[in-house]
Amino acid sequence: MKYGGKKTKKVARPDVNDFWLMQALFYSTRGTCDRLRTACLIVDEHNHLISAGYNGSLPGADHCDDVGHLMIDGHCMRTLHAEENAVLHSTKSLRGATAYMLVSPCLLCTKKLLSVGIKKIICAEEFKNIQGRDVGAKFIKNLLAKNNVPIKFINIDFTEKLNQFTQILKSPGGFLRSN
Ligand SMILES: [Zn+2]
Ligand SMILES: [Zn+2]
C-alpha cells in the first residue's frame, strides 16, 4: 500500500477580515439602489457565517435602479438596508456575533445591530450620510460605547484583493485552474 502525497507550493490564504469583507463585496452586487450598494455579513464566534444581506427593495417591489429613488429628507427610503436584511432574515440568534459590512451602519441600523446582540462591527468605509449628521454620529458613538461594541475600520484595497483571490483560484486545486 502506498500513501502520502507530494506537497505543492502553498498559496497564502486570505486573512479572516479580508475574507469576509470580500464576501460582502460580492454580496453587494445584488443591491437595487445605486445610491449605495453595500452588504452585511454576520459571523458567529466560531467564524461561521450565520446571516447576510444587501441593500435592496422588498421582494416584488420596484427597484430604485428601475423607477428612481424614494427620497425623504436626503435618504432613499425604498430599500431595506443591508444590515436590516441580515438581521431580519437570520434563522439563528445573532447574540455575540460579529457584523462585517462594506460601509459602517446608519443610525437606525446601529440600533438594530445592537438590539440583537452584535458584539463587534468591522467595516471597510465610513458612512457619511448619517441621519442628523453630527448629532446622529455622536449618538451612534455613544450607543456603541455603552454596549461595549467596538467598530473597526479595515483599510482594504479591493482591486488588489480581487487579484489575490484570482491568484488563489488559479493555483493548484483552485476553481479557475487551467488543467
Ligand atoms: Zn434608492
Ligand atoms: Zn442603515
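Calculation rules
- Residues numbered from 1 in each chain as written.
- Chains lettered and ligands numbered in written order.
- Predicted model: local features only at pLDDT ≥ 70, side-chain atom pairs only at ≥ 80, totals over all residues.
- Heavy atoms only, no water.
- Donors = N, O, S within 2.8 Å, 3.2 Å for Na, K, Ca; no water.
- Tetrahedral: all angles 85-135°; square planar, octahedral: opposite > 155°, others 65-115°.
- Helix = DSSP H or I, 4+ residues; strand = E, 2+ residues; numbered from the N terminus.
- Buried < 20%, exposed > 50% of the residue type's maximum accessible area, 1.4 Å probe, protein only.
- Pairing = 2+ DSSP bridges.
- Axes fitted to C-alpha atoms, helices over the stretch in contact; angles between N-to-C directions.
- Phe/Tyr/Trp six-rings, centres within 6.5 Å; stacked < 30°, edge-to-face > 60°.
- Contact = heavy atoms within 4.5 Å.
- Polar contact = N/O pair within 3.5 Å; in protein donor to acceptor, adjacent residues only side chain to side chain.
- Expected span 1.5 Å × (residues − 1).
- Arc of directions from axis to C-beta.

J.: What exactly am I supposed to notice about the coordination of the zinc ion (ligand 1) here?
T.: Each donor-metal-donor angle would ideally measure 109.5 degrees in four-coordinate tetrahedral geometry, or 90 or 180 degrees in six-coordinate octahedral geometry. In this structure, Cys33 (SG), Cys64 (SG), His69 (ND1) and Cys76 (SG) serve as the protein donors to the zinc ion (ligand 1), at separations of 2.2 to 2.3 Å. Every donor counted, the four donor atoms about the zinc ion (ligand 1) form angles of 100 to 120° at the centre, which fits tetrahedral coordination. Along the chain, the residues that donate to the zinc ion (ligand 1) are spaced as C-x30-C-x4-H-x6-C. In this pair, Cys33 is assigned in the loop between helix 1 (16-27) and strand 1 (39-43) and Cys64 in helix 2 (residues 64-67), connecting sequence segments 31 residues apart. There is no split in this pair, since Cys33 and Cys64 are both buried.

J.: What is the right way to read the sheet that holds strand 7 (residues 151-153) from this model?
T.: In a beta sheet, neighbouring strands pair by backbone hydrogen bonds and run either parallel or antiparallel. Strand order in the open sheet formed by five strands is 2-1-5-6-7, with mixed pairing between adjacent strands. Of all strands in the sheet, those with a lone pairing partner are strand 2 (49-54) and strand 7, marking the two edges. Between one strand and the next, the sheet's axes are offset by a mean angle of 20°, whatever the strand orientation. Summarising the sheet, strand 6 (residues 120-125) and strand 7 pair through three bridges and their orientation is parallel. Residue pairing in the sheet places Cys123 in a bridge with Phe153 of strand 7.

J.: Quick question: what am I supposed to make of the coordination of the zinc ion (ligand 2) here?
T.: Of the protein atoms, only His81 (ND1), Cys106 (SG) and Cys109 (SG) coordinate the zinc ion (ligand 2), at distances of 2.0 to 2.3 Å. Spacing between the donor residues of the zinc ion (ligand 2) along their common chain follows H-x24-C-x2-C. One end of the pair, His81, is in the loop between strand 4 (75-76) and helix 3 (82-88); the other, Cys106, is in the loop between strand 5 (98-103) and helix 4 (107-115), and 25 residues separate them in sequence. Relative accessible area serves as the criterion here: at 2%, Cys106 is assigned to the buried category.

J.: Is there a simple way to think about the packing of aromatic side chains in this case?
T.: Per the counting criterion, the structure on display carries three aromatic pairs. Taken together, a centroid distance of 4.8 Å and an interplanar angle of 70° make the contact between Phe19 and Trp20 edge-to-face. Every member of this aromatic cluster is reached through a ring pair, and the members are Phe19, Trp20 and Tyr100.

J.: How should I be thinking about the environment of Thr32 in this particular structure?
T.: Of note, Thr32 is situated in the loop between helix 1 and strand 1. Take Thr32: its relative accessible area is 7%, and that puts it in the buried class. Sequence-distant contacts of Thr32, defined by excluding residues within four places in its chain, comprise Arg37, Asn55, Gly56, Ser57, His63, Cys64, Asp65 and Thr79. For Thr32, the side chain forms a polar contact with the main-chain nitrogen of Ser57, separated by 3.0 Å.

J.: What is the right way to read the pairing of strand 2 from this model?
T.: Note on strand geometry: in a regular strand, side chains alternate between the two faces of the sheet. As paired strands, strand 1 and strand 2 are joined by five bridges and run antiparallel to one another. Bridging from a neighbouring strand, Ala39 pairs with Tyr54 of strand 2.

J.: Would you explain helix 1 in this entry?
T.: An α-helical segment advances 3.6 residues per turn. Residues three or four places apart therefore align on the same side. The terminal C-alpha atoms of helix 1 lie 17 Å apart, and with 12 residues this matches the ideal 16 Å at 1.5 Å per residue to within 8%. Among all positions in helix 1, only Asn17, Asp18, Trp20, Leu21, Met22 and Ala24 are buried. Elements in contact with the buried residues of helix 1: strand 1, strand 2, strand 5, strand 6, strand 7 and helix 6 (158-170). For helix 1, the capping residue at the N-terminal end is Asp15, with a side-chain oxygen 3.2 Å from the backbone nitrogen of Asn17.

J.: It is not clear to me how helix 5 (residues 133-146) should be interpreted in this structure. Could you clarify?
T.: Over its 14 residues, helix 5 extends 20 Å from the first C-alpha to the last, a length consistent with the 20 Å expected when each residue adds 1.5 Å. The complete set of buried residues in helix 5 reads Gly136, Ile140 and Leu144. Seen along its axis, helix 5 keeps its buried residues to an arc of 70°; they face one direction. Residues of helix 5 that are exposed and angled more than 90 degrees away from the buried face: Asp134, Val135, Lys138, Lys141, Ala145 and Lys146. In this fold, the buried residues of helix 5 make contact with helix 4, strand 6 and strand 7.

Fair warning: the whole summary comes from geometry, so function is off the table for now.
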